[in-house]
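Listed below, chain by chain, are the residues.
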Amino acid sequence: MSGRMLAEVEVFGPRSCQVQPHADEEWSVSEVSRSATSGGAGRVVEEFTLKGGDEPPVALQGKSATVEHVFAYDQRHVFQLSRAAGQGCVCERIEAAGCVVQKFTADTDSIVVTFLVDDVPTLREIVTDLQSEGETVKLRRLLEDTSTETDQPVVLDRAKLTGRQHEVLTRAHEMGYFEHPREATAGDVADALDISTSTFTEHLAAAQRKLLDDLLDAR
């Protein structure tokens, strides 16, 4: 394959992220930036933006000495979070593979990160590594550099999905489950399908795994 790729990966239930827990049903994280501190070795400062209403989220006001509300504009509130470096969070894992996180969003269930990656083997290694950091990892989007000659388009074989897996995937898409912030929860989609939430997540994970295998193995 020629050219780099833009990958968008969603990680559900990230274990080491200290930003994502600040999102709630009303507030979503719209962006994050990070830098090393000048005064303390081995520490970083993260600035994250919560998008929601005019007033800062009550849960964050005075909640922790390490989180400070520093700016507000257009129904967005910027916070600074000081933490130890090298905690193995999603962004650090991606950067350890030689990639730069370009975009970060988060809601109560997951985080979505966008980054450039050189090739499919590197992307596969990143996804495998992220599986140890989250409950589930999903490749949401993969775009090739079209400024150079590209390979033939990848054909995803939907016949590999069972009827139930296809139904679950279709209904989740229709209800906005894959949007970020999410327009429907796993419980909402499960109720619409008249199945349990655990059954929904099992079918969805199986369907995504089959399609992801097709996408990566074909490149």
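Before reading further, recall that the structure is shown in the block above.
Residues numbered from 1 in each chain as written. Predicted model: local features only at pLDDT ≥ 70, side-chain atom pairs only at ≥ 80, totals over all residues. Heavy atoms only, no water.

1. Topic: a nonpolar patch on the surface
Here is step 1 of the chain: Among the surface-exposed residues, Val 70, Phe 71 and Tyr 73 lie close enough to one another that they form a single nonpolar patch of about 270 Å² accessible area.
Here is step 2 of the chain: One can find Tyr 73 in strand β4 (residues 67-73).
Here is step 3 of the chain: Looking at Tyr 73, the relative accessible area reads 34%, which means it is partly exposed. (Patch = residues over 30% accessible without salt bridge, like charges linked within 9 Å, V, L, I, M, F, W, Y side chains within 5 Å. Areas by Shrake-Rupley, 256 points an atom, 1.4 Å probe, with all protein chains shown as cover. Salt bridge = Lys/Arg side-chain N within 4 Å of Asp/Glu carboxyl O. Helix = DSSP H or I, 4+ residues; strand = E, 2+ residues; numbered from the N terminus. Buried < 20%, exposed > 50% of the residue type's maximum accessible area, 1.4 Å probe, protein only.)

2. Considering helix α3 (residues 163-174)
Here is step 1 of the chain: Along its 12 residues, α3 runs 16 Å from first to last C-alpha, staying within 8% of the 16 Å computed at 1.5 Å per residue.
Here is step 2 of the chain: Here α3 has its buried residues at Gln 165, Val 168, Leu 169 and Ala 172. Along the axis of α3, the buried residues cluster in a sector spanning 95 degrees; they form a single face. Facing away from the buried surface of α3 by more than 90 degrees, the exposed residues are Gly 163 and Glu 174.
Here is step 3 of the chain: Looking one or two residues past α3, Gly 176 carries a phi angle of roughly 85 degrees, positive in sign. (Expected span 1.5 Å × (residues − 1). Arc of directions from axis to C-beta.)

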